[in-house]
Amino acid sequence: MKIEEYGVLTFNSTHHAISAEKALKEHELPFKTVPTPREITLSCGLSILFSFEDLDKVRELHLNNKILIKAIHKYTIVDGKKEISEMSW
């Protein structure tokens, strides 16, 4: 069984998404900017996908007001099947 786990950040505006990209780059956290998955409620249209292993580091950036997010989701792929669930901080 192959399991992949990611975090997905959504934003209220494109400006917030771009600011988050900058903060993640400054802290050398790998990420990928992607269109917001259709399974997630509408947001600005851009989301950031990151390794779930970096969740605590991303949370710290959020709590220190380095990134402003709308929501965070756990994105899991189990043997090719996608599951997305919203997380609470």
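In this text, all values refer to a predicted model and were calculated from it rather than measured experimentally.

Novice: Report on the overall build of the chain, specifying residues and quantitative values.
Specialist: The helix and strand inventory of the chain stands at 2 helices and 5 strands. Reading the chain from its N terminus to its C terminus gives the helix and strand order β-α-β-β-α-β-β. Relative to the compact-globule value of 12 Å for 89 residues, the chain shows a C-alpha radius of gyration of 12 Å, a close match. Its C-alpha atoms give the chain principal-axis dimensions of about 35 × 25 × 20 Å. Each of the 89 residues in the chain was classed as buried or not, and the buried ones make up 38%. Taking the 12 positively charged and 13 negatively charged side chains of the chain as two groups, their mean positions are separated by 5 Å.

Novice: Which residues make up the sheet that holds strand β5 (residues 81–87), and what values do they have?
Specialist: Ordered in space as β2-β3-β1-β4-β5, the 5 strands form an open sheet in which the pairing is antiparallel. Of all strands in the sheet, those bounded by a partner on one side alone are β2 (31–35) and β5. Direction aside, neighbouring strands of the sheet carry axes that sit 30° apart on average. Strands β2 and β3 (46–51) of the sheet are contacted by helix α1 (residues 14–26), whose axis makes an angle of about 25° with β3. On top of the sheet, helix α2 (residues 55–63) reaches β1 (3–10), β3, β4 (71–78) and β5; it is set at about 135° to β3, its chief contact.

Novice: Got a sec to walk through the pairing of β3? Specific residues and values, please.
Specialist: Side-chain positions along a regular strand alternate between the two faces of the sheet. Two strands pair when backbone bridges link them, and β1 and β3 are joined in this way by 5 bridges, in the antiparallel orientation. What sits directly across from Tyr6, in β3, is Ser51.

Novice: Describe the nonpolar core, and please don't skip the residues or the numbers.
Specialist: Leu9, Phe11, Val58, Ile67 and Ile72 are the most contacted members of the largest nonpolar core, which has 17 residues in total. The set of elements that each furnish at least two residues to this core consists of α1, β3 and α2. When residues of this core are assigned to their parent elements, the largest contribution, 4 residues, is made by α1. Apart from the residues within four sequence positions on either side, Val58 is in contact with Leu9, Leu24, Leu29, Phe50 and Ile67. Counting 6 residues, the second-largest nonpolar core is a separate cluster that includes Ile40, Leu49, Tyr75 and Ile77.

Criteria and cut-off values
- Residues numbered from 1 in each chain as written.
- Predicted model: local features only at pLDDT ≥ 70, side-chain atom pairs only at ≥ 80, totals over all residues.
- Heavy atoms only, no water.
- Helix = DSSP H or I, 4+ residues; strand = E, 2+ residues; numbered from the N terminus.
- Rg over C-alpha atoms; globule rule 2.2 N^0.38 Å.
- Buried < 20%, exposed > 50% of the residue type's maximum accessible area, 1.4 Å probe, protein only.
- Lys, Arg positive; Asp, Glu negative; His and termini not counted.
- Charge placed at Lys NZ, Arg CZ, Asp CG, Glu CD.
- Pairing = 2+ DSSP bridges.
- Axes fitted to C-alpha atoms, helices over the stretch in contact; angles between N-to-C directions.
- Contact = heavy atoms within 4.5 Å.
- Core = buried A, V, L, I, M, F, W, Y, C linked by side-chain atoms within 4.5 Å.

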